[in-house]
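Structural overview for review
Spelled out, the chains give:
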Amino acid sequence: MSMKVISVPSTPYAGQKPGTSGLRKKVTVFRQARYLENFVQAIFDTLSGQQGQTLVLGGDGRYYNDVAIQTILRMAAAAGFGRVLVGRDGILSTPAASAVIRKWQAFGGIILSASHNEGGPAGDFGIKYNLGNGGPANEAFTDAVYRRTQEISAYYTVDSSDIDLSRTGEASIGEMLVCIIDPVADHAELLESLFDFDRIAGLLARPDFRMRFDAMHAVTGPYAHAILEGRLGAPAGTVVNGTPLPDFGGGHPDPNPVWAAELVNALADSRSGLSFGAASDGDGDRNMIVGRNFVVSPSDSLAVLAANHALIPAYAGGLAGVARSMPTSCAVDRVARELGIACYETPTGWKYFGSLLDAGLATLCGEESAGTGSNHVREKDGLWAVLYWLNILAVRDMPADVIVREHWQRFGRNVYSRHDYEGIETAKADRLMDELRARLPQLPGSLSNGLPIAAADDFAYVDPVDGSRSERQGVRILLEDGSRVVFRLSGTGTEGATLRVYLERFVADASQHEVPTQEALAPLVGLADAVAQITVITGRTCPDVIS
Ligand code: G16
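In the nomenclature of an unreviewed UniProt entry, the protein is known as phosphoglucomutase (alpha-D-glucose-1,6-bisphosphate-dependent) of Candidatus Accumulibacter aalborgensis. In its Cofactor (unreviewed entry) section, the UniProt entry covering the protein states "Mg(2+)".

As structure tokens, then:
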């Protein structure tokens, strides 16, 4: 039955510019009349050829997810999609959405998530569009969507009641089929095809190995329950905080030592009997790996995964190449050099890995912001990283911290930390970056905080596949000894600006590997403040979050 498309007059909202990963705003902003509709219409207006095609739809279950899904279903019907695959209860983790898009050869997908940002009525909401390859739309597309939001004069919908999404099955809106799918099955099946599940199950069954996975009340809960406790037979209770809540239990679903302190503390307490810990974020694409009294830095994790690829069934045949975002430490570069494969350096944002993966230039990708993934999907994948680690632990039969320490001995240690200054007034943050950029030409050859600067620039990237150029992707200060300090403003926050300062120092001497990270990086912290005038301009004397 065809339905009458209703045109609802609208006017543009300012500021609907997608950031590092889609449009993220406060729920209160998204709840304004026509706000969500304008953005969705801008996406649909930017597409062409979607008539009769399949759209994938789901989100991390945060507050407003349920309302937004129903709105988007009606608008998808009006836009002429033939079929929407929607996760039961509106749930699809970001990597699962990518897996579903690829498996069912969908036209694209809409993912509702603000990732690790807080949820609830006063928290954040977000929306992004993924292309048919399963990956986040590129900058050309998101720029076009933004331009469209600025000229929008109507959105299109149909008059139909809400669909019951609580059970798998089929429904329809006019001629558009709505398939409510199990959000876990396709992703779990894909992950099982990559790793040695028998071996991992053997590890999880050992009395001397106890694992905890903290789903942080976010979307990974159902996935972790089904894969770790279901398919792999880990004891019940291995997964904690495993039921997705619209407000994530009031916490930040961000797997780092600050927001996942409970997990880190449990692994530091020998009475817990735990040998391995892991966590994932709001939408299931980030990961944290914790050994006994040892948090693996995301940059190190990427390097360890690359160095151990031969142990993993899916990657044993070799890696085509690896890729990391520019601020991510150079630890993986050293592994790539030894393997004789290419290492690509991209701007921050998973979207930049897509073309490398599609072209078969890279197999593994990773970022300092707790994201790692491979060519199995086109998003970073939290559970994938956890399973990869478990597979390594099962084969090498040694604890995670020993694996990392051995890695440092072999390759040297890229000591690394990120300092975040959150909620800075936007004008001050912009001034800091502008003045820093203006100072760049004078820096090479000078001393700052007693350290000789070799080079300084603003990172620009040319995609090796399609030649597209991305400018102003972060200021880099390179020291003569190979240390780096990188400055950029976050593109995922919703309040004021967040200044990220990335600090890295290479330490070859194994006797220095156990020097505490912040101590080893202290001279670079002084340099960062001197060069960027952080305290003078922002009034801040220390970062809000150190990871
Ligand atoms: C997103 C992007 C990542 C990026 C991270 C931090 O992750 O997908 O590529 O590294 O944000 O970005 P920024 O430094 O601009 O805040 P997620 O997990 O939030 O989707």
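1. Thoughts on the layout of surface pockets
Put simply, the second largest pocket is a space of about 1000 Å³. Along its surface, the second largest pocket is lined by 34 residues, and Gly19, Thr20, Leu489, Ser490 and Gly491 are the ones closest to its centre. The greatest single-element share of the lining of the second largest pocket, amounting to five residues, is contributed by helix H15 (residues 426-439). Of the residues belonging to the lining of the second largest pocket, the class tally is six nonpolar, 15 polar and 13 charged.

2. Topic: the site of the ligand
Around the ligand sit 19 residues in total, of which Thr20, Glu367, Arg488, Thr492 and Arg500 are the nearest. Between Ser115 and the ligand, the recorded distance is 2.8 Å, taken from a side-chain N or O atom to an oxygen atom. At 2.7 Å, a side-chain N or O of Ser369 approaches an oxygen atom of the ligand. Bound to the protein, the ligand loses 99% of the 460 Å² it would expose on its own. In this structure, the ligand is accommodated by the largest cavity. Of the residues that constitute the shell around the ligand, the class distribution is one nonpolar, 10 polar and eight charged.

3. Side note on the nonpolar core
A general feature of soluble globular proteins is that nonpolar side chains tend to end up buried together. In this structure, Phe276, Trp389 and Leu390 are the most contacted members of the largest nonpolar core, which totals 69 residues. No other element matches the 11 residues that helix H13 (residues 382-396) contributes to this core. Summarising the domain contributions, this core has at least three residues from each of domain 1 (5-183) and domain 2 (187-411). Of all hydrophobic cores here, the second largest spans 44 residues; its members include Ala77, Ala137, Met176 and Val178.

4. A word on the sheet that holds strand S17 (residues 364-367)
One open sheet holds the four strands; their spatial order is S16-S15-S17-S18, and the pairing between them is mixed. The sheet is open, and its two edges are formed by strand S16 (342-346) and strand S18 (371-374), each paired on a single side. Taken over all neighbouring pairs, the strand axes of this sheet differ in orientation by 15° on average, direction set aside. In terms of strand pairing, strand S15 (residues 321-325) meets S16 through five bridges, oriented parallel.

Cut-offs used in this document
- Residues numbered from 1 in each chain as written.
- Predicted model: local features only at pLDDT ≥ 70, side-chain atom pairs only at ≥ 80, totals over all residues.
- Heavy atoms only, no water.
- UniProt positions renumbered as here; feature names shortened; annotations may be inferred.
- 1 Å grid on protein atoms, 1.4 Å probe; cavity = no way out; pocket = protein on both sides within 12 Å on 5 of 7 lines; lining within 4 Å.
- Points joined across faces, edges and corners; volume = space filled by probe spheres on them.
- Helix = DSSP H or I, 4+ residues; strand = E, 2+ residues; numbered from the N terminus.
- Nonpolar A, V, L, I, M, F, W, Y, C, P; charged D, E, K, R; others polar.
- Near = heavy atom within 4 Å.
- Polar contact = N/O pair within 3.5 Å; in protein donor to acceptor, adjacent residues only side chain to side chain.
- Areas by Shrake-Rupley, 256 points an atom, 1.4 Å probe, with all protein chains shown as cover.
- Sits in = over half its atoms within 2 Å of the grid points.
- Core = buried A, V, L, I, M, F, W, Y, C linked by side-chain atoms within 4.5 Å.
- Buried < 20%, exposed > 50% of the residue type's maximum accessible area, 1.4 Å probe, protein only.
- Domains from an automatic or database assignment.
- Pairing = 2+ DSSP bridges.
- Axes fitted to C-alpha atoms, helices over the stretch in contact; angles between N-to-C directions.

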